[in-house]
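# Inside the fold
Each chain, written out:
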Amino acid sequence: MVKFLHTADWQIGETFHFLGERSLYLKDARVGAVQRIAELAVDEAVDFVLVAGDVFEFAHPDRISLQRLARAMRTYQGPWLLLPGNHDPAVPNGIWDQLTDASNFSEEVIFMATAVPVFLDGCKTAVLPAPLRARYAGRDLSDDLDRMESPSDYLRIGVAHGAVRGILPEQAEVNNPIAADRVERARLDYLALGDWHGFYRINERTFYSGTPETDRFTQNDSGSVAIVKIAGPGELPVVSQHRTSHFVWHEKVVNIGGPMDLDRLEHELQGFGESDVVKLTIRGYVDLEGLQSLGVLEEDMRARVQVLDWDADGVELAPSDEEIASLALQGVNGLVLERLFERRASLDRGVFRRAVIELLALDEVR
C-alpha cells in the first residue's frame, strides 16, 4: 500500500492587495497552510507529499518567503516533490535553478523542474512530472508522460498543471491543456493535477486537489488537500479530501426594504468571526434610521471579521416626511440638507447617501 498527499496551488507570496490593508493576514495564511499540510502528512504517515504546481505566486519570490516556506515544511521529514506551474514556470536561470542550490530546504525536497521521472524506491513509486517551462505552454506537456519508462512493479503517478480538455471551462483550456484520457495514454495509476483551485474529481484516477488555503470568493470547493491510497500497480486509488484552509470566504448579496430586513441581516451576520473574509453587497432602500443602523452594522463587521468588502452603493435613501421634518438641522447644515433632497434625483445614490450621513454626523457633533 502506497499512501501520499496530493496538493497544489500554494501561491506563496500572493498579496491580495485588492482587499486592502488587512490582506497581509491572508498572505501569511499561505505559509500557515503548508505548516498544516506538513502536520497532516505526519499524522497520516504518508510516503511522500506531491505538489502539482504553483508553489509560488510569482516567478521571483522574496528570500523571507522562501525561508518561511522551508521552515513550515520541516515538520514532515519525508519526500516533498514540487512541480513548476504557470505562476512559477521553470524558465532558464529562474527560481527553480535558485532553489536547487538553496540551503534553506532539506535534502528531502525534490524540485521537478525537468520532465524526468523521479523514482521513490522506498515505496516503489515512479513520479512522472510535466513541468511548465513558460507561463503558457500552448500545448499539452503531459504528452511527455506517455513516453516515460518505469519498473513494472512501481506505481506510475503523473503530475501536471493545467486544464483538462472538455471538462473545465473552455477559457481555462487554451494555454495549458491536458488530455482527459491522459491516465490511459500514459498508463498511470493516478494523475495529480494543479491549476484549478477547487477539489475536483475528473475520473477515478484523475483529481485536482485545489488550493489548500482559499483565495477567492468563487464557490469551487477550495481549501483542502487529497490523501491518496493505492494498494499496488493497476489498483484503483482511494482518494479522501481533507480541509486545511484557515480562512473561509463568503460572498453575499442582500436586498433590504425595511426594518425587518435590517434585523434579519444583522442576525445573519452574527455568525461571522475573525476567520471569515466577507464580500457583502446590499441593495434596496432604507429610511434615515435604517441608514444609521447600516453604518453601525458595517463598523461592527469590520471589527469582527478578518477582511470585509462592503458595498452598499445600491441602497437608496428613502426617508419619510416625518423624518425629514424631525431633523430640524440649523444653519448651513439645514440648507445643505434641503438642497441635497432637492437634487437627489440627479445625484449618484452612493454620493447622496454618504453626504446625508456626514451631515447627520456633523449635526450630532454640534
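Our structure is the block above this text.
We now turn to the structure provided with this report.

Parameters and conventions
Residues numbered from 1 in each chain as written. Predicted model: local features only at pLDDT ≥ 70, side-chain atom pairs only at ≥ 80, totals over all residues. Heavy atoms only, no water. Helix = DSSP H or I, 4+ residues; strand = E, 2+ residues; numbered from the N terminus. Expected span 1.5 Å × (residues − 1). Buried < 20%, exposed > 50% of the residue type's maximum accessible area, 1.4 Å probe, protein only. Salt bridge = Lys/Arg side-chain N within 4 Å of Asp/Glu carboxyl O. Contact = heavy atoms within 4.5 Å. Phe/Tyr/Trp six-rings, centres within 6.5 Å; stacked < 30°, edge-to-face > 60°.

This paragraph deals with helix α6 (residues 288–304). Look at α6: 25 Å from first C-alpha to last across 17 residues, which is about the 24 Å you get at 1.5 Å a residue. What α6 keeps buried is the set Leu288, Gly290, Leu291, Leu294, Leu297, Met301 and Arg304.

With that out of the way, let us pick up unusual backbone geometry. Positive phi values are uncommon outside glycine, yet Asp9 reaches one of about 55°. On the secondary structure map, Asp9 appears in the loop between β1 (2–7) and α1 (23–44). When its relative accessible area of 0% is taken as the criterion, Asp9 is described as buried. A positive phi angle, near 55°, is found at Asp54, a position not held by glycine. The exposure class of Asp54 is buried, given its relative accessible area of 1%.

Further remarks concern the pattern of salt bridges. Applying the stated criterion across every chain yields a total of 17 salt bridges. With a shortest N-O distance of 2.8 Å, Arg182 and Asp146 are connected by a salt bridge. Taken together, the positions of Arg182 in helix α4 (residues 182–185) and Asp146 in the loop between β6 (125–130) and β7 (155–161) put the pair 36 residues apart, joining distant regions of the chain. On the basis of relative accessibility, which here comes to 0%, the residue Arg182 falls in the buried class. Overlapping salt bridges, with partners in common, bring together Asp140, Asp143, Asp146 and Arg182 in one network.

As a further point, take the environment of Gly194. For Gly194, the location among the structural elements is in strand β10 (residues 190–194). Judged by relative accessible area, which is 0%, Gly194 ranks as buried. Between the alpha carbons of Gly194 and His161 there is a distance of 4.6 Å; along the sequence they are 33 residues apart. Filtering out sequence-adjacent residues up to four positions away, Gly194 remains in contact with Ala8, Asp9, Ala52, Ala160, His161, Gly162 and Tyr208.

Remark: the centre distance and the inter-plane angle together describe each pair of aromatic rings, the angle taken between the planes. All chains considered together, the criterion is met by 12 aromatic pairs. Measuring from centroid to centroid gives 5.7 Å for Phe105 and Phe111, while their planes differ by 90°, and the two rings are edge-to-face. When its relative accessible area of 19% is taken as the criterion, Phe111 is described as buried. Among the aromatic residues, ring-to-ring pairing joins Phe4, Phe48, Tyr190, Phe199 and Phe207 into one connected group.

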